[in-house]
Amino acid sequence: MGLCQNHRMAIVPEIDIGQPDPTQLKEIDAACRDHGFFFLSGHGLDALIEQTFEQAERFFSESPELKESIRRTEDGPLGWYDRELTKRFRDCKEVFDFMEPEGELGQRLNRWPGDLPGFREAQLEFFRAFSDLASRTVSIVHEALNTPREIIQDHGGSAASSTVRLNHYPTHDPVPDSASAGLAELGPTALGHHTDPGVLTLLLQDDTGGLQAHSRDDGWIDIPPRRGQIVVNIGDTFQVWSNDRYRAGVHRVTPITHIFRRAVCLWHRMR
């Protein structure tokens, strides 16, 4: 199975979170009806984003023994994992998941790597800042949709049910040959096409690229990395809230050719 690269570039607009104007809101409205993606600038979080990438690279470069100590299990749904499936194919990636570090669920379910000083504290700082940013972004999407104010109050999502995921997409199978027997085969993409649960996703990309979204009008389109900008995509919950006027973004990650690809995403879910 190959990837179709013969596609036109649909409009993926940018909005300044500090100064959204009517033109930007119209562009977001059009994008959310077509493919569900836009870029966010003016957030003032560049230093925190760089710190988060450094911590992600630090974690994924650690020894297999450290990561195995917090492997995700049926009884422990958070932590590190390297054999997720999308559409019955195995993704070529590693992930680390956690919830609100200071929340009741997070304190019970989060699993943090030992011998990695400062890692947990950095993730807490990231969670706080991006939970606030996610709430502000949800409000802007409601504004683009012209959602009545009395409805917005009950449809904002919740940090307590949000999840952060650190992603690493290697150039090779993350599962060693000695442990791959009986596993599903790797898929034709690094991450198979899917939509995200919850209200919306805030996604950070490094400079490698590879993220694609499916446009109703243009097929698969690239969502290229833009320095200093955050990718936003609509999730399943907001599609329901909008009565299907807005589309949960169908997206995938193309096969890896560079040495190290990192991504960090915050899923902002409803209560």
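As a starting point, this report considers the structure included with it. For every chain, the first residue of the written sequence is number 1, and numbering continues from 1 onward in sequence order. It should be noted that, the model being predicted, local features are given only for residues of pLDDT at least 70 and side-chain atom pairs only at 80 or more, the latter also being counted only at that level, while totals for whole chains, interfaces and linings use all residues. Each side-chain value is derived from all of the structure's non-hydrogen atoms; neither hydrogens nor water enter the calculation.

Describing the sheet that holds strand β11 (residues 219–222)
Next up, step 1: The criterion for strand pairing is that DSSP finds at least two bridges linking the strands in question. Strands are runs of DSSP state E lasting at least 2 residues, helices are runs of H or I lasting at least 4, and numbering of each runs from the N terminus. If you trace the 4 strands from one edge of the open sheet to the other, you get β8-β13-β10-β11, paired in antiparallel fashion. At either margin of the open sheet sits one strand with a lone partner, and together these are β8 (191–194) and β11. Direction aside, neighbouring strands of the sheet carry axes that sit 25 degrees apart on average.
Next up, step 2: Here strand β10 (residues 211–215) runs beside strand β13 (residues 251–253); their pairing, made up of 3 bridges, is antiparallel. Every axis in this analysis is a line fitted to C-alpha atoms, fitted for helices over the stretch in contact. Angles between the N-to-C directions lie between 0 and 180 degrees.

Thoughts on the nonpolar core
Next up, step 1: Within the largest apolar cluster, 43 residues are counted, with the highest numbers of intra-cluster contacts made by Phe59 and Phe130.
Next up, step 2: Secondary-structure elements contributing two or more residues to this core are α1 (22–34), β2 (37–41), α2 (46–60), β6 (94–99), α5 (119–145), β7 (158–169), β9 (200–205) and β12 (230–234).
Next up, step 3: No other element matches α5, which puts 11 residues into this core.
Next up, step 4: Nonpolar cores are built from buried Ala, Val, Leu, Ile, Met, Phe, Trp, Tyr and Cys residues. Side-chain atoms within 4.5 Å join them into one set. Partly exposed describes any residue whose relative accessible area lies between the buried limit of under 20% and the exposed limit of over 50%, with all areas from a 1.4 Å probe on protein chains only and scaled to the type maximum. One finds Val12, Leu203, Ala213 and Ile221 within the second-largest nonpolar core, a separate group that totals 9 residues.

Considerations on the pattern of salt bridges
Next up, step 1: For this analysis, a salt bridge means a side-chain nitrogen from Lys or Arg found within 4 Å of a carboxyl oxygen belonging to Asp or Glu. Counted under the stated rule, the structure contains 13 salt bridges.
Next up, step 2: One salt bridge connects Asp82 with Arg71, and the closest N-O pair in it is separated by 3.0 Å. Here the residue Asp82 occupies a position in the loop between β3 (79–81) and β4 (85–86), and Arg71 occupies one in the loop between α3 (64–68) and β3, the gap between them amounting to 11 residues. For the pair Asp82 and Arg71, a shared accessibility class is recorded, and that class is buried.
Next up, step 3: Notably, a salt bridge pairs Glu84 with Lys93, separated by 3.4 Å at the nearest N-O pair.
Next up, step 4: Here Lys93 falls in the buried class, since its relative accessible area comes to 5%.

A short note on α1
Next up, step 1: The end-to-end C-alpha separation of α1 is 19 Å, in line with the 18 Å expected for 13 residues at 1.5 Å each.
Next up, step 2: The secondary structure elements touched by the buried residues of α1 are β1 (14–16), β2, α5, β10 and β12.
Next up, step 3: Two N or O atoms count as a polar contact when they lie within 3.5 Å, although within protein this holds only if one can serve as hydrogen donor and the other as acceptor, and sequence-adjacent residues are included solely when both atoms are side-chain atoms. If you check the start of α1, you find a side-chain oxygen 3.0 Å away from the backbone N of Thr23, and it comes from Asp21.
Next up, step 4: Note on α1: the residue one or two positions beyond its end, Gly36, has a positive phi of about 85 degrees. Multiply 1.5 Å by the residue count of a helix minus one, and that product is the helix's expected span. Contacts: residue pairs with any heavy atoms within 4.5 Å of one another.

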